[in-house]
Every structure is written in structure tokens, then in C-alpha cells.
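Observations on the model geometry
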Amino acid sequence: MTERTTRKEVKDTAMGITLAEYKRADAELRIEEGRIGFIAHAIIYALMNALLIVINLAFVPENTWFFYPLIAWGIGLLMHYLYEIRFVRRTIEEREAKVEYRARQILSGEASLA
């Protein structure tokens with residue numbers, strides 16, 4: 001085992017999986033989970049806001065309040081889209097860089113385990 005090769009790399013390579021393949025599969029899984037979460041959030045947003053519109057117009061038509069939760073929840077849905085769909089690759093790359101930096105510190109003996 002060379003100085004730059006980690007135990008995980010040796011174990012993964014022995015199983016037929018390289019570290020690059022593992023990282024790519026992990027990134028794809030995170031992206032897929034983010035999309036599924038966003039789609040579920042969007043469906044619930046649409047259904048609940050449709051229900052709130054019906055409740056508002058059926059019971060208190062003179063006071064329209066349904067657009068307040070529609071806008072507030074819409075902002076939350078937009079943030080979910082931005083961070084789970086739009087910027088997820090950058091977040092994954094930043095995390096991988098941090099993990100690689102920490103692993104190099106540990107291998108060189110600079111970081112303590114405590």
C-alpha cells in the first residue's frame with residue numbers, strides 16, 4: 001500500500017470498485033434523492049395550496065388570505081429547488097474536496113484523531 005493509497009481504496013479496488021466510481025455513484029445518488037425530495041415537496045405544495053384556496057373561497061370569500069401561505073411556501077419551495085437541484089453539484093464537489101483534504105491531513109499525520 002503506497003503512501004497515497006488509502007485502505008478504502010484498496011478495499012474498494014479489491015471489490016472491483018474504484019474510488020472515482022464510488023464518488024460518482026454517491027454524487028448521482030445524492031442528486032437523485034434531491035430530485036425526489038423536491039418533487040414530493042412540489043406535489044404537497046400544489047395539493048395543500050389548492051385546498052387552502054378552496055377553504056378560503058368557500059368559507060371566507062370576502063377576505064382573501066390564501067396567497068400569504070402560497071407566497072411564503074413558494075419561497076421555501078424555491079429554496080429547496082435551488083439547493084437540492086440547481087447547486088447540488090457544487091455542494092458535492094466542495095464536500096469531496098474537504099474530505100480529500102482531511103484524508104490527506106490524516107495520512108500525513110497532521111490531524112489528530114481526538
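The next point concerns a nonpolar patch on the surface. A cluster of nonpolar side chains, I71, I75, L78, M79, Y81 and Y83, forms an exposed patch at the surface whose accessible area comes to about 580 Å². Under the relative-accessibility criterion, L78 is labelled partly exposed at 43%.

For helix α4 (residues 88–108), with 21 residues, the first-to-last C-alpha span of 30 Å sits near the 30 Å given by 1.5 Å per residue. Among all positions of α4, only V88, I92 and Q105 are buried. In a view along the axis of α4, the buried residues occupy a sector of 150 degrees, so they form one face of it. Across from the buried face of α4, at angles greater than 90 degrees, the exposed residues are R89, E93 and Y101.

With that settled, consider the packing of helix α2 (residues 19–59) against helix α3 (residues 67–86). Relative orientation of the contacting elements α2 and α3 amounts to 170 degrees, with a least axis distance of 10 Å. On the basis of their axis angle, the class for α2 and α3 is roughly antiparallel. Residues G34, R35, G37, F38, H41, A42, I44, Y45, M48, N49 and L52 of α2 form the contact with α3, whose participating residues are P69, L70, W73, G74, G76, L77, H80, Y81, E84 and I85. Broken down by class, the residue content of the contact of α2 with α3 amounts to 12 nonpolar, seven polar and two charged.

On to the pattern of salt bridges, then. Evaluated as defined, the whole model comprises four salt bridges. Across the pair D26 and R30 runs a salt bridge, and its minimum N-O distance is 3.5 Å. Taken together, the positions of D26 and R30, both in helix α2 and four residues apart, correspond to about one turn of that helix. Among the residues examined, D26 registers a relative accessible area of 28% and is labelled partly exposed. Here R104 ties to E100 by a salt bridge, and the two come within 2.7 Å at their closest N and O atoms. Here E100 and R104 lie together in helix α4, a separation of four residues that amounts to about one turn. Residues joined by salt bridges that share partners form a network here, namely K23, E100 and R104.

Note: predicted coordinates in regions of low pLDDT should not be interpreted at a detailed level. On average, the protein chain scores 84 in pLDDT, and the residues at 70 or more come to 82%. No element of the protein chain has a lower mean pLDDT than helix α1 (residues 7–14), at 58, and none a higher one than α3, at 94.

Direction vectors running N to C along α2 and α4 enclose 140 degrees, while the axes themselves pass 10 Å from each other. Here α2 is positioned oblique relative to α4, judged by the angle of their axes. Taken as a pair, α2 and α4 cross one another with a handedness that is right-handed. Contact residues: α2 offers K23, A27, R30 and I31, while α4 offers V88, R89, I92, R95, E96 and E100. Its residues assigned to classes, the contact of α2 with α4 comprises four nonpolar, no polar and six charged.

What follows is about the packing of aromatic side chains. Across all of its chains, the model carries five aromatic pairs by this definition. Arranged with centres 4.4 Å apart and planes meeting at 40 degrees, the rings of F67 and Y68 form a pair that is tilted. For F67, a relative accessible area of 29% puts it in the partly exposed group. Overall, Y68 belongs to the exposed group, its relative accessible area being 56%. Linked through ring pairs, F66, F67 and Y68 together constitute an aromatic cluster.

The rules behind each value
- Within any chain, residue numbers begin from 1 and follow the written order of that chain's sequence.
- For a predicted model such as this one, the threshold for reporting local features is a pLDDT of at least 70, and the threshold for listing and counting side-chain atom pairs is 80 or more; totals across whole chains, interfaces and linings nevertheless cover every residue.
- Only hydrogens and water are set aside when side-chain values are computed; all heavy atoms of the structure are taken into account.
- Patch construction takes residues with relative accessible area above 30% that form no salt bridge. Like charges are linked within 9 Å, and nonpolar side chains (Val, Leu, Ile, Met, Phe, Trp, Tyr) are linked within 5 Å.
- Accessible surface is estimated by sampling points in the Shrake-Rupley manner with a 1.4 Å probe; for residues, cover comes only from the protein chains shown.
- Take a side-chain nitrogen of Lys or Arg and a carboxyl oxygen of Asp or Glu: if they are within 4 Å of each other, that pair is a salt bridge.
- Relative accessible area decides the class of each residue, using a 1.4 Å probe on protein chains only: under 20% of the type maximum gives buried, over 50% gives exposed, and in between gives partly exposed.
- The helix count covers DSSP runs of H or I at least four residues long, the strand count covers runs of E at least two residues long, and both are numbered beginning at the N terminus.
- Working rule for helices: expected span equals 1.5 Å times residues minus one.
- What the arc describes is the spread of directions from the helix axis to the C-beta atoms.
- With axes taken as lines fitted to C-alpha atoms, and helix axes fitted only over the stretch in contact, angles between N-to-C directions fall between 0 and 180 degrees.
- Every angle not falling under 35 degrees, over 145, or within 65 to 115 is termed oblique; those three ranges are roughly parallel, roughly antiparallel and roughly perpendicular.
- Only heavy atoms matter for contacts: two residues are in contact if any of them lie within 4.5 Å across the pair.
- Asp, Glu, Lys and Arg are counted as charged, while Ala, Val, Leu, Ile, Met, Phe, Trp, Tyr, Cys and Pro are counted as nonpolar; the rest, among them Gly, fall into the polar class.
- Note: pLDDT gives the predictor's confidence per residue, expressed from 0 to 100.
- In this scheme the handedness of a crossing depends on how the near helix is turned from the far one: anticlockwise by less than a right angle means left-handed, clockwise means right-handed.
- Pairing of aromatic rings covers Phe, Tyr and the six-membered ring of Trp, with a centre-to-centre limit of 6.5 Å; geometry is then stacked below 30 degrees between planes, edge-to-face above 60, and tilted otherwise.

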